[in-house]
Structure formats: C-alpha cells, structure tokens
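# Descriptive analysis of the structure
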Amino acid sequence: MTDSLKNWHIEQDENQIIWLTIDKADSGTNVLSSEVLEELDSALVTIASRHPKALVLASAKDNGFIAGADVTEFAQINDSSQAEQFIKKAHSIFFRLENMNMPTVCMIKGFCLGGGLELALCCDYRVCSDDITTKLGFPEVKLGIFPGFGGSVRSVNLIGSLPALNMMLTGRAMSARFAKKTGLIDNVVPQRHLKRAAIQLIETRPAKSQPSFIHKMATFGLVRPLIAHFMKKMVSGKAHKKQYPAPFVLIDHWKKYADMPTEMYLNEARSVAQLITGSTSKNLVRVYLLQEQLKTLGNKKDFTPRHVHVIGAGIMGGDIAIWCALKGFQVTLQDQRAEAIGPVIKRAHTLYKKKLKSTALINEAMDRLQPDTHGTGVKRADVVIEAIFENIEVKQNLYREIEPLLKKGALLATNTSSIPLETLGEALKQPDRLVGLHFFNPVSFMQLVEVVKTENTSPTTLKKAFAFSRHIDRLPLPVKSSPGFLVNRVLMPYLMEAVVLESEGVPGVLIDKAAKKFGMPMGPIELADIVGLDICLSVGKILAQTRDDIKIPGRIQQLVDSGHLGKKTGRGFYAHYKGRTIKPEIPTGFHEPADLAGRLVLRLLNECVACIRDEVVETTDFLDAGIVYGTGFAPFRGGPVQHIKNSGVEKQFKALSDLEIRHGKRFIADDGWQPLLNNKIS
Ligand code: NAI
C-alpha cells in the first residue's frame, strides 16, 4: 500500500528511525489535500506495524514544511455536515500520529502554517531551522475559520490560552526564535544541524513543553468568561461580528470547552464546519484564490533583473525604491532635487527596522539603496521606473533623454496615474518597451500593481513587467490603458459622491462611518485626504473630460486652491497632525440621509460594471481581485461583482434606478448591467 504513496516517502535508517517526508506530487508547495491526508493515514499504519525506534516528519521541498490545508478543496464544500465529517476524519488521522507508540519529532524549515502546524503539534517534539524563512502560525482566521484539525485544542494545551488565542485571532506568523520562547517548539538550530537536533531529541527525550503557571491559570473555568469578554471587546475594534464571525466563534468555543478536550475537539469540528460553509469564509477563500490567480501571471524565470533605477524621489518613487531594495534589488534613486533623497533614506531606515529587525540585514538593505542625483544608474539598470511629476511634457522630455542610454532589454515603466501611455510613448523611438507599473500609496502596504498595456506594448515587455512584479512580491493586475485604469476609475465616482455629500452638509465623519460599516477599511473622505486632493483632482479631471457623469465638486477645487492637499500638507477635509487624522465630533441631532451608504457604494458598483463592459480588465475575477487589493473593498463580500451577485443583481439595479430618480443622471445604470441581468456574465 505505502509503495504506492504519491505524496509521502518512508525511509528507515540504520538507527531504526523512520523519516516520513512529505513531497506533494505535482506541486511546488506542500498542502494537506484529502489525498495527502489519506496517504498519511496509511503511512502511519505501516510505520506503526514496523515498530521503529522513532518517527521524524519532514518536508522534501525547499520552501517549507506544509503551508496548510488545500484551500481549493474548501471552495468545493457547501454542506456543513459533509465538512464536519471531513474534519472528523482528519482528527482521527491526527490522533493516530499523536498516539504513535514511539517518540515523534517534526523537523521544520521554512513555513509551517495552518494545518501544517496542527500536524506538527501532534508530534512529541518540534525542531526548527533558524533562518528567516521559517514561520509558524495559524492564518485560518484570514479565511474566515479557525484551526480545525485539532489546533484550537493542542495549541492551548501546549503554550497556554492567551498565547494560543493571540496566534489564532491575529493569524500572524512567528519566527522560529519567537516560537521557541512561547514553547511552541523545542529547539532552534542552523539548518545544517536540523537532523542532528531531531536525533538528539529522540535520544534524550526531554520533558514535553508545558504552559507556564500564569498561562495555565487563564484556562481556569472561573477566569475564562472574563478573558473572553475582554478578548471580544478587543476583536470588535477590528472586525464586525456579522461580517467576520470566526474570531467571535473561536472565543466562545474556547470559553465553553477549554478544559474539556474531548468536547473541544467535537465542537471544533462542528464550529469550523459551519464557518467554512458560511458566506464570509466562502468569499474570503475566493479572495485568497484570486490572489493566487494574480500571482501565477508572473513567472520569475521569464526575467531576472538585478538593478532597478527609479527616477523621482517623491512619495511614490521614493517608496518604490525603498521597496525594491528591501526585496533584494540593487537600486539607484535619481531626482532633480538632491534634497529630495534624504527623506527617502530616512523612510527606508524606518521601514527596514520594522521589517528586517536584524542590524546586519538592515545595513545590507540600506547599502542596496543608492542616491544617484546624476542618473548614472540608467545605463546599468535592468528596470527603469519613472515616478516624476504628473506632467506630460516633463515626462516626455525625460524619456527622450534616457531612451538612448537604456540597456538593451531593459524594462521602462511609468508610474503615471492618469496620463495615457500612448501619449507618453510618443516621445519614444521604441514605444513597445514602455509599460505602466502603477503602484498604490503606501507602496509597502498595498500589494496590487496595475500592469498597464497599450496596443504598442510588446508581449516581451509585458512578460517582464509581470515577472518583475512577482520578484518584488506584488500582485500584478493586467489593465488596459484607459483613463484612470481600473482602480482609480472605480474609486473616483465613489470619492466624488462622498465630496458631493459633504458639500450637501453631511459631516465627513458620518460619510466615512457609513463606508466602514459597509466593510471598507477606511472612509472615502479620509482616503481622499491620504491619496492627496491634488491627485484626486487631477485624476477626476482626466475622467471628467470624457464623461458626463463625473463632475468635480467645487469643494475639492477650493481646498486644492487654498493649498489644503490632505495629509501631506497637514490639512484637507480633516486636519492631520504628526501622522494622526483628527476627526471632529458628529454634530448632535444630525440625521443621516437614508440613502447615504447606497449613494457611495452604488456609484462604485456601477463603475465596476462599466469597466467590465469597457474591457478594462479581461475577466470579472480580475475586476474583483483588483478592487479588493487596490481599494480594500470589503473582502468578506468577495469583490464587487461577487457582491452584486450575492445580494441580487435585480435588487442592486433597482436601487440604482431609484437613486437616479432622486439624484439625477450620475446614477444612470451603465449598459453593462444588461448582461448581468440576463445572467450572461459568469
Ligand atoms: P511627488 O511630487 O511627490 O514627487 C515627484 C518627484 O519627481 C519630485 O521629487 C521631483 O523633484 C521629481 N522630478 C520631477 N521631474 C523630474 C525630472 N525630470 N528628473 C528627476 N526628478 C524629477 O509625486 P508623487 O506623488 O510621488 O507622484 C509621482 C508619480 O506617481 C506621478 O506620475 C503620479 O501620478 C504617480 N502616482 C502617485 C500616487 C500618489 O498617491 N501620490 C499613486 C500612484 C501613482
């Protein structure tokens, strides 16, 4: 039976230790699919029958141990009792490992996440390599569930309630060293000593790790309700119970069962089965799979650049340069004003300290980022990114200057938000080498990059742009060169409607609150301040040139004319002080218009529908991915198109028509609604 295993190898060494290695077939990453789990079960039966001295679990893949359960299988489960049966089956396999009649060790290098960590917790001991790629965590909450393969029970028993809940509620992964401190793992060693460390644990069999007394106390029946109350309060500050139920269900699960392991396993299966078949988890899984889809667009092997030259050391160029150096590229940063570069170097240090922690790594990254006021890097660079003023003439002049200097095969990218690439390309002898790489602000936080193509952009250039996006760990979204591309085009009507509402006297704070209640990460008024009112105005004007429904409200022009550009000048719709936004109180007795949220959201949805009709993106999946990752659109709704479908196409269409009657032409439904109403868009 075990001879036919596709995903596991069993090897017995001369010391009678069995090494059980996972190597998922036809996949670069190990995940626990149902096939992998079934094979694990039969492997364990075989191993038990051989009575070895010990069992060590390991991975044959370089990138890590196990990334978690197979998320693609989640998407196919629609029935909660079917889900519960599946989880209980996994429980029984994990119990088999936990109860093996020999010492068991899990050897970890790289990621060990979700179901992978749950599997590791069934072993007597865990040993990890100390490199920075080693990460342990429970990211399940990001998919709208919590650990379902016994992890919610075993983590509490091993490290104590508070650290375990913290891991499960935040979904954050921890380093090997930190995991050792919490007691999650037994030993951390350099990779070359991993095997030896595993054998040593088998030979010495130290006492198994236990939570400290303080952490044990948190599990006592009397204190649990109090802690649960406190935890729920903390979680409510970040997530709404109806929108993201998983953390709340997890807290209740722990509160009720933390000292009754048998019942806790059963309730884990029941609760996770219900969550996984609920709409939030379904939509979050969809968003996760969309992300994976975008990742596959770029193949790193297609293009292996080393040197990036960025021109323009402003907000965007500076941050792009900082990010590329963080990701290992040699970066030269050019600006016509030498004094623009100093603040970038300062920002780089702050980010690297946060991300890299070790002084040696911070210094290496700082060394990779080099000021280059004379632009000598252009000649050597494999990728040149232009992020100078949003001005056609200035950009075109620069292109004329640098084109003759570019290395053969170098990628030339612009970060323009609003200028048609066709216009910029007119200044080039070879316009086919120009591509848009439209990053979002702040670069280190926003994963999406719009890869903008024109009729002229060559397939090779595009391939390189996608590959480069993946090298710097961003999600490339292919978009057509058209005003506003995708994200700004969709955002603009929504932002402008917010400004119209504000001009009508609705307090900005109330407008922002309505958008956040819908599930947006930040309200539109605050977002406009952060993007910069000058940028909003410029993108808005470009769109308004060709559109009747986009009118720039006088208020925004007024603020820009008085130099109030938003966060960067300390004043916009709100005041901003030392990085904080100061929001006024909502005047007492102010009655919110009943259609406030509808006006905001439906303008956004209508624009999404228009973008599909205009083929700004190739598929509705790309649209949903772009808007979720480019604007933060309520991930638990699965993207705008998914939201329209889930909430009812007819219902949304009617709501839009009602708004048109009340507020005029800007709410006219786009022609793109017809195929949706006729069910012709999948
Ligand atoms: P910024 O005004 O902060 O920085 C522009 C920098 O370019 C300045 O430091 C300036 O000295 C430099 N510069 C201008 N002409 C130059 C030249 N010929 N040679 C060398 N340096 C030159 O502008 P920001 O906001 O960083 O925008 C840059 C580009 O990125 C624009 O095309 C903008 O549309 C785009 N963008 C801006 C976003 C934002 O949120 N600010 C978001 C996405 C794209």
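The structure presented is a predicted model; accordingly, all values stated were derived computationally and were not measured.

Conventions used here
Residues numbered from 1 in each chain as written. Predicted model: local features only at pLDDT ≥ 70, side-chain atom pairs only at ≥ 80, totals over all residues. Heavy atoms only, no water. Axes fitted to C-alpha atoms, helices over the stretch in contact; angles between N-to-C directions. Helix = DSSP H or I, 4+ residues; strand = E, 2+ residues; numbered from the N terminus. Parallel < 35°, antiparallel > 145°, perpendicular 65-115°, else oblique. Left-handed = near helix turned anticlockwise from the far one by under 90°. Contact = heavy atoms within 4.5 Å. Nonpolar A, V, L, I, M, F, W, Y, C, P; charged D, E, K, R; others polar. Core = buried A, V, L, I, M, F, W, Y, C linked by side-chain atoms within 4.5 Å. Buried < 20%, exposed > 50% of the residue type's maximum accessible area, 1.4 Å probe, protein only. Domains from an automatic or database assignment. Near = heavy atom within 4 Å. Polar contact = N/O pair within 3.5 Å; in protein donor to acceptor, adjacent residues only side chain to side chain. Areas by Shrake-Rupley, 256 points an atom, 1.4 Å probe, with all protein chains shown as cover. Expected span 1.5 Å × (residues − 1). Pairing = 2+ DSSP bridges. 1 Å grid on protein atoms, 1.4 Å probe; cavity = no way out; pocket = protein on both sides within 12 Å on 5 of 7 lines; lining within 4 Å. Points joined across faces, edges and corners; volume = space filled by probe spheres on them. Phe/Tyr/Trp six-rings, centres within 6.5 Å; stacked < 30°, edge-to-face > 60°. Patch = residues over 30% accessible without salt bridge, like charges linked within 9 Å, V, L, I, M, F, W, Y side chains within 5 Å. Salt bridge = Lys/Arg side-chain N within 4 Å of Asp/Glu carboxyl O.

Running from amino to carboxyl end, helix 20 (residues 487–503) crosses helix 26 (residues 620–631) at an angle of 65°, the nearest separation of the two axes being 10 Å. Relative to helix 26, the element helix 20 lies roughly perpendicular. Regarding helix 20 and helix 26, the two cross each other, and that crossing is right-handed. Residues Val487, Val490 and Leu491 of helix 20 form the contact with helix 26, whose participating residues are Gly626, Ile627, Gly630 and Thr631. Taken together, the residues of the contact of helix 20 with helix 26 sort by class into 4 nonpolar, 3 polar and no charged.

Core analysis: the biggest nonpolar cluster contains 90 residues, and Leu486 and Leu623 have the highest contact counts within it. Each of domain 2 (302–482) and domain 3 (488–615 + 617–677) accounts for three or more of the residues forming this core. Judged by nonpolar contacts, the second largest core, of 79 residues, contains Leu32, Ala179, Val188 and Trp254.

On to the site of the ligand, then. Taken together, 24 residues form the shell around the ligand, and within it Met316, Asp335, Glu390, Lys395 and Ser417 come nearest. Isoleucine 315 places a main-chain nitrogen or oxygen 3.1 Å from an oxygen atom of the ligand. Within the side chain of asparagine 441, one N or O atom sits 3.5 Å away from an oxygen atom of the ligand. For the ligand, whose unbound accessible area comes to 830 Å², protein coverage reaches 89%. Going through the elements one at a time, helix 14 (315–326) and helix 17 (392–402) are the ones with two or more residues in the shell around the ligand. When grouped by side-chain class, the residues that make up the shell around the ligand number 12 nonpolar, 8 polar and 4 charged.

Bringing helix 13 (residues 279–295) into the picture now. Counting along an α-helix, one turn takes 3.6 residues, and residues three or four places apart therefore face a common direction. In this model helix 13 runs 24 Å from its N-terminal to its C-terminal C-alpha over 17 residues, within 8% of the 24 Å that 1.5 Å per residue would give. Burial in helix 13 covers these residues: Thr280, Ser281, Asn283, Leu284, Val285, Arg286, Val287, Leu290, Gln291 and Leu294. In this structure, the buried side of helix 13 is in contact with helix 2 (71–74), helix 12 (261–276), strand 17 (448–453), strand 18 (475–480), helix 26 and helix 27 (640–647).

Of all the 9 residues making up helix 5 (residues 151–159), 8 are buried; the element is thus mostly covered by neighbouring parts of the structure. Those residues of helix 5 not exposed but buried are Gly151, Ser152, Val153, Arg154, Ser155, Val156, Leu158 and Ile159.

As a general point, the strands of a sheet are linked pairwise by backbone hydrogen bonds and lie either parallel or antiparallel. Strand order in this open sheet of 4 strands is 4-6-8-9, and the pairing throughout is mixed. Each end of this open sheet is capped by a strand with a single partner; those strands are strand 4 (64–66) and strand 9 (173–175). Strand after strand, the sheet turns through a mean of 20° between neighbouring axes, direction not considered. Relative to strand 9, strand 8 (residues 135–137) runs antiparallel, the two sharing 3 bridges. Among the inter-strand pairings, lysine 135 is bridged to a residue of strand 9, identified as serine 175.

This part covers the pairing of strand 17. For strand 17, the tally of buried residues reaches 5 of 6 residues, placing the bulk of the element in the interior. Bridge count for strand 16 (residues 434–438) against strand 17 is 3 bridges, and the pairing is antiparallel. Pairing of histidine 438 across the sheet is with glutamate 450, part of strand 17. The pairing of strand 17 with strand 18 spans 6 bridges and is classified as parallel. In the sheet register, leucine 448 faces strand 18, and the bridge partner there is leucine 475.

With that settled, the discussion passes to the packing of helix 23 (residues 533–546) against helix 24 (residues 554–561). Between helix 23 and helix 24, whose axes approach to 9 Å, the crossing angle comes to 135°. Considered as vectors, helix 23 and helix 24 are oriented oblique to each other. In this structure, helix 23 crosses over helix 24, and the sense of that crossing is left-handed. Contacts between helix 23 and helix 24 involve Leu533, Asp534, Cys536, Leu537 and Lys541 from the former and Ile556, Gln557, Leu559 and Val560 from the latter. Among the residues forming the contact of helix 23 with helix 24, the class breakdown is 6 nonpolar, 1 polar and 2 charged.

What the domain assignment reports for the protein chain is domain 1 (2–277), domain 2 (302–482) and domain 3 (488–615 + 617–677). On a C-alpha basis, the centres of domain 1 and domain 2 stand 40 Å from each other.

To continue, consider the side chain of serine 59. With respect to the secondary-structure elements, serine 59 resides in strand 3 (residues 54–59). Polar contacts involving the side chain of serine 59 include one to the main-chain amide nitrogen of lysine 61, which spans 2.9 Å. Engagement of the side chain of serine 59 in a polar contact is seen with the backbone oxygen of glycine 64, the distance being 2.7 Å. Among residues more than four places away in sequence, those in contact with serine 59 are Thr21, Ile22, Asn30, Gly64 and Phe65.

Let us now look at the sheet that holds strand 7 (residues 125–129). An order of 1-2-3-5-7-10 is seen for the 6 strands of this open sheet, with the pairing classed as mixed. With partners counted over all chains shown, the strands left at the sheet margins are strand 1 (8–12) and strand 10 (187–189), one partner each. Going across the sheet, the axis of each strand differs from the next one's by a mean of 20°, ignoring polarity. Pairing of strand 5 (residues 104–108) with strand 7 involves 4 bridges; the strand directions are parallel. Each bridged residue has a counterpart across the sheet, and for valine 105 the counterpart in strand 7 is tyrosine 125.

Attention now goes to the layout of surface pockets. A volume near 330 Å³ is recorded for the second largest pocket. Considering the residues around the second largest pocket, the lining is formed by 20 residues, among which Arg547, Asp549, Glu607, Arg613 and Asp670 are closest to the centre. Sorting the residues of the lining of the second largest pocket by element identifies helix 20, helix 23 and helix 25 (596–613) as the ones contributing at least two each. In terms of residue count, the dominant contributor to the lining of the second largest pocket is helix 25 (5 residues). The residue makeup of the lining of the second largest pocket, split by class, is 6 nonpolar, 2 polar and 12 charged.

According to the stated counting rule, one finds 7 aromatic pairs in the structure shown. Seen in terms of ring centroids, phenylalanine 86 and phenylalanine 149 are 6.4 Å apart; in terms of plane orientation they differ by 65°. Their pairing is edge-to-face. Placement of the pair is phenylalanine 86 in helix 3 (residues 80–98) and phenylalanine 149 in the loop between strand 8 and helix 5, with a sequence separation of 63 residues. Exposure remark for phenylalanine 149: the relative accessible area of 6% places this residue in the buried category. Between phenylalanine 329 and phenylalanine 468, the ring centres sit 5.6 Å apart and the planes meet at 65°, which makes this aromatic pair edge-to-face.

With that settled, the discussion passes to a nonpolar patch on the surface. Together, Phe213, Met217, Phe220, Leu222 and Val223 make up a nonpolar patch on the protein surface, roughly 540 Å² of accessible area in all. Relative to the helices and strands, phenylalanine 213 is located in helix 9 (residues 213–217). A relative accessible area of 57% means that phenylalanine 213 is categorised as exposed.

Looking now at the environment of lysine 208. Its location among the elements puts lysine 208 in the loop between helix 8 (194–204) and helix 9. A sequence separation of 16 residues divides lysine 208 from arginine 192, and the C-alpha atoms of the two residues are 24 Å apart. A polar contact of 2.9 Å, which involves the side chain of lysine 208, links it to the side chain of aspartate 124.

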